[in-house]
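Commentary on secondary and tertiary structure
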Amino acid sequence: AQTALDVASDSSFIDGVIALDQAQWRRRQGGPLVTRQDLWRHLDTQWRRGLAKVPEMMRFSTALSDSVRESEGRVLIERLGFPAPALQKEFRLPSGASVYTDYYFEDFDHVAEFDGTGKYFDPALRAGRTPREVLLEEKDREDQLRRQVTGMSRWRTAAHRDPRILYDILTGDGLPSRLPRPRPSVAL
């Protein structure tokens, strides 16, 4: 708890949320490193410079982000003016498989996913499958999901480096934002 709070207090909002999300991550083998209650308890017993911004990060943090990029994307989605998504929404595919999506915007029946490349190239994540097999499975999964929802968006790391790309992807796929497209010089 202390380490996560120290990292958050010395970080930007995005990096602080990432640290807090990862400390609380519920699907970690062996369980979360810390609970939300432990984090709040530690935060309540201390005060020092930099901690003033941590409660906002704590309120935004969750145990449901399955990766650093999902946490980063969730902050960017909020900062770009999109509605708050549900995380790890379960869908039952026609194939019988049960899958979880990174983000689900219920009011718009819209799924969104960060498409990391590790699942295609990291042998540990491929679990004995070839990159081709993983790619085809992912494509089949996406096709089945698209048939169940009104809208779907996918993006890769470049959309986090330049949030205008993420804004364009989400609005182009039909998800409304309460904010205009950010200018190139605006940091999120």
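Residues numbered from 1 in each chain as written. Predicted model: local features only at pLDDT ≥ 70, side-chain atom pairs only at ≥ 80, totals over all residues. Heavy atoms only, no water.

Some words on the sheet that holds strand β1 (residues 86–92)
Applicable threshold: A strand pair is defined by DSSP finding two or more bridges across the two strands. Labels follow the DSSP assignment, with helices taken as runs of H or I lasting at least four residues and strands as runs of E lasting at least two, numbered in each case from the N terminus. Helix axes are fitted only over the stretch in contact, all axes being lines through C-alpha atoms; the angle between N-to-C directions runs from 0 to 180 degrees. Two residues form a contact once any of their heavy atoms are found within 4.5 Å.
Taking strand neighbours across the sheet as the criterion, the 4 strands line up as β1-β2-β3-β4 in an open arrangement whose pairing is mixed. In this open sheet, the two strands that pair with only one neighbour each are β1 and β4 (151–155). On average, adjacent strands in this sheet sit at an angle of 45° to one another, irrespective of strand direction. Both β1 and strand β2 (residues 98–105) contribute to a ladder of 6 bridges, which runs antiparallel. When the sheet's bridge partners are listed, Ala-86 is paired in β2 with Tyr-104. Sheet strands in contact with helix α5 (residues 68–79) are β1, β2, β3 (110–114) and β4, and its direction is about 30° off that of β2.

Section: the environment of Arg-156
In this fold, Arg-156 is placed in the loop between β4 and α9 (158–161). In this structure, the C-alpha to C-alpha distance between Arg-156 and Thr-117, residues 39 residues apart in sequence, is 8.1 Å. Apart from the residues within four sequence positions on either side, Arg-156 is in contact with Phe-114, Asp-115 and Thr-117.

Notes on the nonpolar core
Going by this rule: As used in this record, nonpolar core signifies buried Ala, Val, Leu, Ile, Met, Phe, Trp, Tyr and Cys residues forming a set joined through side-chain atoms within 4.5 Å. Three labels apply to residues, based on accessible area from a 1.4 Å probe with only protein chains included: buried if under 20% of the type maximum, exposed if over 50%, partly exposed otherwise in between.
Within the largest apolar cluster, 32 residues are counted, with the highest numbers of intra-cluster contacts made by Leu-20, Ile-77, Trp-155, Leu-166 and Leu-170. Elements that contribute at least two residues to this core include exactly α1 (2–9), α2 (13–24), α3 (36–44), α4 (54–60), α5, β2, β3 and α10 (163–172). When residues in this core are grouped by element, the largest group, 6 residues, is from α2. Beyond its immediate chain neighbours, meaning those up to four positions away, Leu-20 contacts Ala-4, Leu-5, Ala-8, Leu-39, Met-57, Met-58 and Ser-61.

What to know about the pattern of salt bridges
Quick reminder of the rule: By salt bridge we mean one thing: a side-chain nitrogen of Lys or Arg within 4 Å of a carboxyl oxygen of Asp or Glu.
Per the stated rule, a full pass over the model turns up 19 salt bridges. A salt bridge links Glu-113 to Arg-154; the nearest nitrogen and oxygen atoms lie 3.9 Å apart. In this pair, Glu-113 sits in strand β3 while Arg-154 sits in strand β4, placing the two residues 41 residues apart along the sequence. The two residues Glu-113 and Arg-154 agree in class, both being buried. Of the charged contacts in the structure, one is a salt bridge between Glu-138 and Arg-141, with a shortest N-O distance of 3.7 Å. In this pair, Glu-138 and Arg-141 both sit in helix α8 (residues 131–146), 3 residues apart, roughly one turn of the helix. Classification of Glu-138 by relative accessible area gives buried; the value is 13%.

Details of α2
Spelled out, the test is: What a helix should span is 1.5 Å times the count of its residues minus one.
The end-to-end C-alpha separation of α2 is 17 Å, in line with the 16 Å expected for 12 residues at 1.5 Å each. Here α2 lies mainly inside the structure; 11 of its 12 residues are buried. Within α2, the full set of buried residues consists of Phe-13, Ile-14, Gly-16, Val-17, Ile-18, Ala-19, Leu-20, Asp-21, Gln-22, Ala-23 and Gln-24. Buried residues along α2 sit against α1, α3, α4 and α5.

Quick look at the packing of α1 against α3
Counted only if it meets this: Just so you know how the angles are binned, under 35 degrees is roughly parallel, over 145 roughly antiparallel, 65 to 115 roughly perpendicular, and the rest oblique. A crossing counts as left-handed when the near helix is turned anticlockwise from the far one by less than a right angle, and as right-handed when that turn is clockwise. For this classification, Asp, Glu, Lys and Arg are treated as charged, while Ala, Val, Leu, Ile, Met, Phe, Trp, Tyr, Cys and Pro are nonpolar and the rest, including Gly, are polar.
It is the contact of α1 with α3, at a shortest axis distance of 9 Å, that shows an interaxial angle of 65°. Accordingly, the angle class assigned to the pair α1 and α3 is roughly perpendicular. The two elements α1 and α3 cross, and the hand of that crossing is right-handed. Between α1 and α3, the residues in contact are Gln-2, Ala-4 and Leu-5 and Leu-39, His-42 and Leu-43, respectively. In terms of residue class, the contact of α1 with α3 is built from 4 nonpolar, 2 polar and no charged.

Quick look at the pairing of β3
For β3, the buried fraction is high: 5 of the 5 residues fall into the buried class. Direction of pairing for β2 relative to β3: antiparallel, over a ladder of 3 bridges. When the sheet's bridge partners are listed, Phe-105 is paired in β3 with His-110. Between β2 and β3, which pair antiparallel and follow one another directly, the connecting turn spans 4 residues, one of which, Asp-109, has a positive phi of 50°. Taken together, the 5 bridges between β3 and β4 define a ladder with parallel strand orientation. By the bridge assignment, Phe-114 is partnered in β4 with Trp-155.

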